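Fold and geometry: a report
These are the residues of each chain, in order.
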Amino acid sequence: MGSEYGLMLFKQLALLNGGALIAIAPLSQFLVGVEKQVFALAAVWFVSGPVLMIAGAYAAHLNLSLVASALEETRNSRLEDIHEILLNDKNPEDLPPFESSHKVRILLTFWASHLFGWLSVGSFCLGAYSLIGATL
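Notes on the structure follow. All values derive from a computational prediction rather than experimental measurement. Chains are numbered independently. Their residues run from 1 in the order of the written sequence. This being a predicted model, a pLDDT of at least 70 is required before a residue's local features are given, and a value of 80 or more before pairs of side-chain atoms are given or counted; all residues contribute to the totals for chains, interfaces and linings. Hydrogens are left out, water is left out, and the side-chain values use all remaining heavy atoms of the structure.

**Here's the deal with the environment of phenylalanine 10**
Secondary structure elements follow DSSP: runs of H or I no shorter than four residues count as helices, runs of E no shorter than two count as strands, and numbering proceeds from the N terminus. As for its placement among the helices and strands, phenylalanine 10 is situated in helix H1 (residues 2-30). When a residue's accessible area, from a 1.4 Å probe over protein chains only, is under 20% of the maximum for its type it is buried; when over 50% it is exposed; and in between it is partly exposed. Classification of phenylalanine 10 as buried rests on a relative accessible area of 14%. Taking the C-alpha atoms as reference, phenylalanine 10 lies 9.3 Å from serine 120; in sequence the two are 110 residues apart. Note on contacts: a residue pair qualifies if any of its non-hydrogen atoms lie within 4.5 Å across the two residues. Discounting residues that sit within four places of it in the chain, phenylalanine 10 has contacts with Met53, Gly56, Ala57, Ala60 and Ser113.

**Some remarks on the nonpolar core**
Among buried residues, those of type Ala, Val, Leu, Ile, Met, Phe, Trp, Tyr and Cys that are joined through side-chain atoms within 4.5 Å constitute a nonpolar core. Counting residues in hydrophobic clusters, the biggest one holds eight residues: Ala20, Ile24, Leu31, Val34, Phe39, Ala42, Phe46 and Leu131. With near-sequence residues (within four places) excluded, phenylalanine 46 lies in contact with Asn17, Ala20, Leu21, Ile24, Ser123, Phe124, Gly127, Ala128 and Leu131.

**Thoughts on a nonpolar patch on the surface**
Nonpolar side chains collect at one region of the surface, where Tyr5, Met8 and Leu9 lie side by side and expose about 290 Å² of accessible area between them. One can find leucine 9 in helix H1. Given the relative accessible area of 38%, leucine 9 is considered partly exposed. For patch building, the residue pool is restricted to those with more than 30% relative accessible area and no salt bridge; the joining distance is 9 Å between like charges and 5 Å between nonpolar side chains (Val, Leu, Ile, Met, Phe, Trp, Tyr). Note that accessible areas follow from Shrake-Rupley with a 1.4 Å probe, and for residues the cover is restricted to the protein chains shown. Here, a salt bridge means any side-chain nitrogen of Lys or Arg that lies within 4 Å of a carboxyl oxygen of Asp or Glu.

**Some details on the side chain of serine 130**
Considering the arrangement of structural elements, one finds serine 130 in helix H3 (residues 103-135). The buried category is assigned to serine 130, whose relative accessible area is 11%. Excluding anything up to four places from it in sequence, serine 130 contacts Val38, Leu41, Ala42 and Trp45.

**Quick look at the packing of aromatic side chains**
Only rings of Phe, Tyr and Trp enter the pairing, Trp through its six-membered ring, and a pair is recorded when the two centres are within 6.5 Å. The plane angle decides the type: under 30 degrees is stacked, over 60 is edge-to-face, the rest tilted. If you walk through the whole model with that rule in mind, you get two aromatic pairs. Ring geometry for phenylalanine 46 and phenylalanine 124: centres 5.7 Å apart, planes at 40°, overall tilted. Highlighted residues: phenylalanine 46 in helix H2 (residues 36-88) and phenylalanine 124 in helix H3, separated in sequence by 78 residues. The buried category is assigned to phenylalanine 46, whose relative accessible area is 2%. Relative to tryptophan 111, the ring of phenylalanine 110 has its centre 5.0 Å away and its plane inclined at 85°; by these criteria the two rings are edge-to-face. The exposure class of phenylalanine 110 is partly exposed, given its relative accessible area of 33%. Judged by relative accessible area, tryptophan 111 falls into the exposed class, the value being 56%.

**Some thoughts on the side chain of serine 120**
Following the sequence through the fold, serine 120 ends up in helix H3. A relative accessible area of 0% means that serine 120 is categorised as buried. Polar contacts, as counted here, are pairs of nitrogen or oxygen atoms within 3.5 Å of one another; within protein the pair requires one atom able to donate a hydrogen and one able to accept it, and residues that are adjacent in sequence qualify only if both atoms are side-chain atoms. A polar contact is formed between the side chain of serine 120 and the backbone oxygen of glycine 49, at a distance of 2.9 Å. Beyond its immediate sequence surroundings of up to four residues, serine 120 is in contact with Leu13, Asn17, Gly49, Leu52 and Met53.

Below you can see the structure in the form of structure tokens.
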């Protein structure tokens, strides 16, 4: 469910930035006397929004892949522990605790996906701010 929510957010960011990018051409014809550089700057911000969003989506994909791998690793380790307990008559408290090798990468990709998502929102806001400046 979390991945569906994240996918919906990324789609909304793409629509927001893409729609704003498409609106620049009619707006530049409507506003007379405004330098073309203002619209070019806004277009740069609106193009960088989806690029940042794609980087965030890729980080989210890596995060989900690493979580799945860590869960598989945990399951296999627990099965080995159960096998060790049953075959060798060991006490479960004597077995070392399991630590996933993906922990740091999971945290990095989790925060990277959030960072890129917020940067995409910021990119849209900067593009909109540059256009608002043209209309005043």
